[in-house]
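These are the residues of each chain, in order.
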Amino acid sequence: MTVIEKINEINDVVKEIFDFTQNDETIKADFDEYLATIGARNIPLSQVEKIFLPYIFERRIDGKSILEMFKEKSESKNKDVIESFLNTQASIFEIKKILKNGFELYNLINEKTYKVLSLTKMTNFRGVYAGQYIVARIFELAGEYYVIEISNILSHSQKEEAMRYAVMKLVNTPRMLYHDNPEKEEEIKSTIAEMYAKFTKAFDKDIILTTNKHADDIIGAFNEGEEVDLSDKGCDVESYKFFHVKELDNNYSNFLENSMGGFSSHNETYDVAVIFDEKNGLYAIPFFETFCKIFENKDSVENAKACVEYFLTNDSIPNTILERVSTMYPNFMEVVNEIMGTELSFEELIKTYKSEYLKNKIYSSATILFCSNAFSQIFDYISEPKPEAPVITEKVGRNDPCPCGSGKKFKNCCGA
């Protein structure tokens, strides 16, 4: 099959999916609601595709994606294309080259370079140049990669913004670092093995119970290879209670700044467990000891139910942490079921709340960031002191070179 024939096949499937969203009553109602929510109910048909593509890839109804529903109900002959759509990569890429029929892209997240074919004419990308960054979705079909969606374009001068986006995607979905890049995963495994041996040698155990006021010092000293005296860094909280910590509500705008501040910058004091999982990496788990105390005497822990819900529903807490606690306390499921009003087995609990960890290999966010070039670059960038703007002591013409030495005209630099 020629490239043109493949592209036509892909575009045919896209049309089939669009028709499906318009003819299936449940999805049509949801799509109309989606358009209304984003204020696009009356947009012209020519603009619907820009909204339609992220809708079919990201929207879920009753736990299923639109593509999964299409796969189940459709009689399409192009099953391989549908499977490819189900495995798309939504990432941020640096444009390395503009090719005759596509792009050479470097994925800032999984650190792999791709040659991708465009599903539309390259004349549609006038104004797109090498050195820019694009937020895009690509997929692989029969050994070739295609770009199906470009949702944003950043200039080459917006490198910090691009790196921030990459890091936030990694925090939300750590496996993106090694998705479609087995060499990177081998690097991560090797790093975990090396660091686990180092951790257990340094502390003679794989878990340290402390507070947020000491956790940063322990982790920092470990990373620097320094000896750590734990005698004054124990879990010295006054009482075990669970409460909301606003600094843990990281989002795109504040994550990196909060990371630099660390746990110790938080106003309240609460217990933290620094755990090195032999297979998945380093974790810093807030309220771990509080969670454990529930299984010793649940009435002694304030907000016990909220604490249990936090450990069950927080996506950054893996199934292995629950397995660790359940091994420590034989009454684990009895207490959880009593608090939650359920009748689940441990296996059912994991399937209900941690199913993503059963489907995919997910390493700890801390380990992922440690192995990420994007995080290293952006962390170094925001750690460096910013140069002060030059003091202009004499009149500078708007079209004169800027005194700061940037090489730009004054009007386009400090004069702006």
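A few points on the structure.

A tally of helices and strands in the protein yields 17 helices and 10 strands. For the protein, buried positions account for 44% of its 416 residues. Taking all contacts inside the protein whose residues are at least 6 apart in sequence as the whole, residues at least 24 apart take part in 62%. Approximately 22700 Å² of the protein is accessible, and the part contributed by carbon and sulfur atoms is 48%.

A few words on the pairing of strand S5 (residues 113–118). As judged from the 5 bridges shared by strand S4 (residues 102–107) and S5, these two strands associate in the antiparallel manner. Counted as the bridge partner of glycine 102 is leucine 117 from S5. In textbook terms, the turn of a hairpin is the stretch between consecutive antiparallel strands, and for S4 and S5 this stretch comprises 5 residues, one of which, glutamate 111, has a positive phi near 60 degrees. With 3 bridges connecting them, S5 and strand S7 (residues 144–154) associate as parallel partners. The residue bridging leucine 117 from the neighbouring strand is tyrosine 146, located in S7.

What follows covers the pairing of S7. Looking along a regular strand, one sees the side chains alternate between the two faces of the sheet. Sheet topology places strand S6 (residues 133–141) next to S7; 9 bridges connect them, and they run antiparallel. Looking at the pairing, isoleucine 138 lines up with valine 147 of S7. What sits between the antiparallel neighbours S6 and S7 is a turn of 2 residues, in which alanine 142 has the positive phi angle 50 degrees.

Counted under the stated rule, the structure contains 29 aromatic pairs. Residues phenylalanine 31 and tyrosine 34 carry aromatic rings whose centres are separated by 6.4 Å and whose planes lie at 15 degrees to one another, so their mutual orientation is stacked. Of this pair, phenylalanine 31 and tyrosine 34 both sit in helix H2 (residues 25–37), separated by 3 residues, roughly a single helical turn. Overall, the relative accessible area of 16% leaves tyrosine 34 in the buried class. Between tyrosine 270 and phenylalanine 287 the ring centres are 5.1 Å apart and the planes differ by 20 degrees, which places this aromatic pair in the stacked class. With tyrosine 270 in the loop between helix H9 (255–261) and strand S9 (271–277) and phenylalanine 287 in the loop between strand S10 (281–286) and helix H10 (288–294), this residue pair connects regions lying 17 residues apart in the sequence. With respect to burial, tyrosine 270 and phenylalanine 287 carry one shared label: buried. Linked through ring pairs, Phe242, Phe243, Tyr270, Phe287, Phe291, Phe295, Tyr310, Phe311, Tyr329, Phe332 and Phe346 together constitute an aromatic cluster. Against the face of phenylalanine 222 rests lysine 198, its NZ or CZ located 5.0 Å from the ring centre.

What follows is about the nonpolar core. Counting 73 residues, the largest nonpolar core has Phe288, Phe291, Ile294, Phe295, Phe311, Leu322 and Phe332 as the members making the most contacts within it. Once residues lying within four places of it in the same chain are set aside, the contact partners of phenylalanine 295 are Val325, Tyr329, Asn331, Phe332, Val335 and Val336. Listed in part, the 32 residues of the second largest apolar core include Ile27, Tyr55, Ile66 and Leu119.

What follows deals with the sheet that holds S7. Strand order around the closed barrel formed by 5 strands is S3-S4-S5-S7-S6, with mixed pairing between neighbours. Strand-to-strand twist across the sheet, computed as the mean angle between neighbouring axes with direction ignored, equals 55 degrees. Helix H5 (residues 79–86) contacts S6 and S7 of the sheet and is inclined by roughly 140 degrees relative to S6.

So, on to H5. Looking only at H5, the buried set comprises Val81, Ile82, Ser84 and Phe85. For H5, the angular spread of buried residues about the axis comes to 160 degrees, placing them on one side.

For the rest of this paragraph, the subject is the side chain of asparagine 110. Relative to the helices and strands, asparagine 110 is located in the loop between S4 and S5. On the basis of relative accessible area, asparagine 110 is assigned to the buried category, the value being 0%. At a separation of 3.2 Å, a polar atom in the side chain of asparagine 110 contacts the main-chain amide nitrogen of lysine 112. Not counting the four nearest positions on each side in its chain, asparagine 110 is found in contact with Gln89, Met176, Leu177, His179, Asp180 and Asn181.

Moving on to the sheet that holds S10. The antiparallel open sheet is built from 3 strands, whose spatial order is S8-S9-S10. The outermost strands of the open sheet, each flanked by one partner alone, are strand S8 (207–211) and S10. Here the strands of the sheet are splayed against their neighbours by 20 degrees on average, with no regard to which way each runs. Note: S8 against S9, 5 bridges, orientation antiparallel.

Attention now goes to the state of the cysteines. Here, disulfide denotes a covalent bond that connects the sulfur atoms of two cysteines. All chains considered together, the criterion is met by 0 disulfides. Cysteine 292 supplies the cysteine sulfur nearest to cysteine 307, a cysteine that is in no disulfide, at a spacing of 9.1 Å.

Cut-offs and rules
Residues numbered from 1 in each chain as written. Predicted model: local features only at pLDDT ≥ 70, side-chain atom pairs only at ≥ 80, totals over all residues. Heavy atoms only, no water. Helix = DSSP H or I, 4+ residues; strand = E, 2+ residues; numbered from the N terminus. Buried < 20%, exposed > 50% of the residue type's maximum accessible area, 1.4 Å probe, protein only. Contact = heavy atoms within 4.5 Å. Areas by Shrake-Rupley, 256 points an atom, 1.4 Å probe, with all protein chains shown as cover. Pairing = 2+ DSSP bridges. Phe/Tyr/Trp six-rings, centres within 6.5 Å; stacked < 30°, edge-to-face > 60°. Lys NZ or Arg CZ within 6 Å of the ring centre and 35° of its normal. Core = buried A, V, L, I, M, F, W, Y, C linked by side-chain atoms within 4.5 Å. Axes fitted to C-alpha atoms, helices over the stretch in contact; angles between N-to-C directions. Arc of directions from axis to C-beta. Polar contact = N/O pair within 3.5 Å; in protein donor to acceptor, adjacent residues only side chain to side chain. Disulfide = S-S within 2.5 Å.

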